[in-house]
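These are the residues of each chain, in order.
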Amino acid sequence: MARLIPRDPEVVAPGAVHLPGWLDIEGQRRMVAACRAWAEAAGGFRAPRMPNGSVMSVQMTCLGWHWFPYRYSRTLDDCDGGAVAPFPGWLGELGAKAVHDARDIDPRVTATGPGDAIGPGAYVPDVALVNWYGPGARMGMHADRDERSPAPVVSVSVGDSCVFRFGNLGGRGRPWTDVHLESGDLFVFGGPSRLAYHGVPTVLPGTAEVAIGMDGGRINVTIRETGLGGPCG
Ligand SMILES: O=C(O)CCC(=O)C(=O)O
């Protein structure tokens, strides 16, 4: 789709980068087809249950490691106990390219401390959470703290646009920046922003292009390094 006003890459916070239109239409279509296949193989998306008994409005399927509030396992411990689906090599390569491209905009994406950084090409993700936002789904403010690795989080969006709220390290409240994420957009956060609170207060129905092969809704694929290594974490 032609745009009247082009969107430029933006550093939203130190080490947190938004790259609009990172996946082209063909890439988005491939991602939608892959997510559909992963969900079908897993018997559908599932909504995780929170420790307080409430059920998340976002549904998920996982690759590499199974995540449920608030830990990773190799088996679907809060479901049928089956093995988690493998993490595909091509998704790891996509994640590494995403980190490379984000570093070009802000090298702090891979900072691990004063003067230290994860080296170029050293990003080796081992988990993807595939988030499915159906009608009315949203994600509350939270920080991604279940990984032991300081490596950045890579987030690729397809389908309907959303408001992605990127907050601060101190808690769920302000200050925050609301970023409009569209289909194909990449958001990477690491370094000083790795543990920043973030969430999705709103998805904007009917905003996706028909050509990507989705009939409404939003998918977000978040790629991470768990740093857990062994089979049991
Ligand atoms: O859907 C998104 O863009 C954010 C997903 C997210 O925050 C998460 O998976 O932790």
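The structure we're discussing is the one just above.
Right, let's walk through the structure included here. (Residues numbered from 1 in each chain as written. Predicted model: local features only at pLDDT ≥ 70, side-chain atom pairs only at ≥ 80, totals over all residues.)

**What about the sheet that holds strand β9 (residues 139-142)?**
Here is step 1 of the chain: With antiparallel pairing, four strands are arranged side by side in an open sheet as β9-β14-β11-β12. The sheet terminates laterally at β9 and β12 (177-181), the two strands that pair on one side only. Taken pair by pair, the neighbouring strands of this sheet meet at an average axis angle of 25°, ignoring direction. (Pairing = 2+ DSSP bridges. Helix = DSSP H or I, 4+ residues; strand = E, 2+ residues; numbered from the N terminus. Axes fitted to C-alpha atoms, helices over the stretch in contact; angles between N-to-C directions.)

**With respect to the nonpolar core**
Here is step 1 of the chain: Membership of the largest hydrophobic core comes to 55 residues, with the highest contact counts inside it found for C62, A128, V130, V188 and V221.
Here is step 2 of the chain: No other element matches the six residues that strand β8 (residues 127-133) contributes to this core. (Core = buried A, V, L, I, M, F, W, Y, C linked by C-beta atoms within 7 Å. Buried ≥ 20, exposed ≤ 12 C-beta atoms within 10 Å, placed from the backbone.)

**Observations regarding the sheet that holds strand β3 (residues 59-63)**
Here is step 1 of the chain: Strand order in the open sheet formed by seven strands is β1-β2-β13-β10-β15-β8-β3, with antiparallel pairing between adjacent strands. Only two strands of the sheet have a single neighbouring strand rather than two, namely β1 (10-13) and β3. Sheet twist, expressed as the average angle between the axes of neighbouring strands with direction ignored, equals 20°.
Here is step 2 of the chain: Pairing between strand β10 (residues 153-159) and strand β15 (residues 218-224): six bridges, direction antiparallel. Counted as the bridge partner of V158 is I219 from β15.
Here is step 3 of the chain: In the packing of helix α2 (residues 89-105) onto the sheet, the strands contacted are β1, β2 (16-19), β8, β10, β13 (186-189) and β15, and the crossing angle to β2 comes to about 105°. (Contact = placed C-beta atoms within 7 Å.)

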